[in-house]
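Inside the fold
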Amino acid sequence: MKTYYTPALDPTCVSCLIKKQIDRYPPDAPPALVLTYMRRLGDMMAHLPDRTGGPAMMEQITRLQEELFGRAVDYTPIKRHFNALMLSQYDRMEAAVAAHPHPLIAALGYAMTGNYIDFGAMDTVDEEKLSSLLDAAPLRGEAVDRAVLEDMSADLAAAHSLCYLTDNCGEIVCDKLMLRTLHALYPHLAITVLVRGAPVLNDATMEDAEQVGLTRMEGVTVISNGDTLAGTALDRISFEARQTLESADLIIAKGQGNFETMQGCGLNVYYAFLCKCRLFADRFGVPLLTGMLVRDRQLLIE
């Protein structure tokens, strides 16, 4: 079984990362140090291997920023804010799911919509835009590929174990709603949730899972994946996390980063995310911020 696929380096992704990261340094950084950063960033991009995904590029850039400036951006306050913001919306989201004729579809719509809260892929995370996206979340669930949704529903009904991979802060509240829905619909499922092993961008860690109450949910076990990549590379995560993934009957993986690092892995993975950048929108032939449900086994890998 192939365990790790690295996508071909894409100029759109490289250009996007450079534009977003070239000015990401402390405002009081000395000009000479800033110039060193810019030169080394350019040199780093020039020597990337032909197969390098966005999360791996971002990891190298973050290491460079920390080497030169220390921890350039502390996302802790941002993460706490968006976790609290989304928790304030939980009751209305839960009510919408309960009122929907197909609760799984509505919950999936919210889970995909929460993927908007991404400070790596988005230039800005606008709270008014987020609110409008949440208003239409159940419709987003209804618009996914129905054949893939039917496959996932059948797998959920037949499965004994599910591994659910989270992505971002705030979004993890929508994941909580999705997980509660899954537990209610499929009470026989043993559900394990994976979070990042340490802070990376605004990705969800165990601290976020605790803040939103995910660690106290009935029928759900939360573990760290033991890694700092903004994705899930099977050859890097902890033995426990990898064993959990490889033994699961099916996997639901949230976010573009998990898609980029797991595609072609050979496991029974369903990816759920928003197309937040032109690279993803073009690949799937959809408008930006379209919700996607994609099965790994049906992907065409270049």
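In what follows, the accompanying structure is described.

The rules behind the values
Residues numbered from 1 in each chain as written. Predicted model: local features only at pLDDT ≥ 70, side-chain atom pairs only at ≥ 80, totals over all residues. Heavy atoms only, no water. Axes fitted to C-alpha atoms, helices over the stretch in contact; angles between N-to-C directions. Helix = DSSP H or I, 4+ residues; strand = E, 2+ residues; numbered from the N terminus. Parallel < 35°, antiparallel > 145°, perpendicular 65-115°, else oblique. Contact = heavy atoms within 4.5 Å. Nonpolar A, V, L, I, M, F, W, Y, C, P; charged D, E, K, R; others polar. Core = buried A, V, L, I, M, F, W, Y, C linked by side-chain atoms within 4.5 Å. Buried < 20%, exposed > 50% of the residue type's maximum accessible area, 1.4 Å probe, protein only. Expected span 1.5 Å × (residues − 1). Salt bridge = Lys/Arg side-chain N within 4 Å of Asp/Glu carboxyl O.

This part covers the packing of helix α5 (residues 90–99) against helix α6 (residues 103–113). Any two packed helices are characterised by the angle at which their axes cross and by the distance between the axes. Two numbers describe how α5 lies on α6: the axes approach to 8 Å, and their chain directions differ by 150°. Considering their axes alone, α5 and α6 lie roughly antiparallel with respect to each other. Contacts between α5 and α6 involve R92, M93, A96 and V97 on the former and, on the latter, P103, A106, A107 and Y110. By residue class, the composition of the contact of α5 with α6 is seven nonpolar, no polar and one charged.

Here we come to the nonpolar core. Judged by nonpolar contacts, the single largest core of 77 residues is most densely connected at L156, M178, L182, L214 and L293. Top contributing element to this core by residue count: α6, with eight residues. For L182, the residues in contact, after removing those within four places along its chain, are L104, L156, L162, Y164, P187, I191 and I252. In this structure, C163, A248, C265 and V269 belong to the second largest nonpolar core, which totals 25 residues.

Looking now at helix α3 (residues 54–69). Look at α3: 22 Å from first C-alpha to last across 16 residues, which is about the 22 Å you get at 1.5 Å a residue. Every buried residue of α3 is accounted for by G54, P55, M57, M58, E59, I61, L64, Q65, L68 and F69. Looking at the buried positions of α3, the neighbouring elements they touch are α1 (11–21), α2 (31–46) and α13 (255–262). Positive backbone phi, at 80°, marks G70, one or two positions downstream of α3.

Another point: the pattern of salt bridges. Under the criterion given, the structure shown has 17 salt bridges. Between K79 and D208 there is a salt bridge, with the nearest N and O atoms lying 2.9 Å from each other. Of this pair, K79 sits in helix α4 (residues 76–88) while D208 sits in helix α11 (residues 206–211); the two residues are 129 residues apart in sequence, bridging distant segments of the chain. Residue K79 shares its accessibility class with D208, and that shared class is buried. The salt bridge involving D175 is made with K254; its shortest N-O contact spans 2.6 Å. Of the two residues, D175 sits in helix α10 (residues 171–185) while K254 sits in strand β4 (residues 250–254), which places them 79 residues apart along the sequence. Exposure remark for D175: the relative accessible area of 0% places this residue in the buried category. It is possible to trace a salt-bridge network through shared partners that takes in E59, R63, D227 and R236.

Mapped onto the elements of the fold, H102 is located in the loop between α5 and α6. Assessed through its relative accessible area of 47%, H102 is described here as partly exposed. Remark: the alpha-carbon pair of H102 and E142, spanning 40 residues in sequence, is separated by 9.1 Å.

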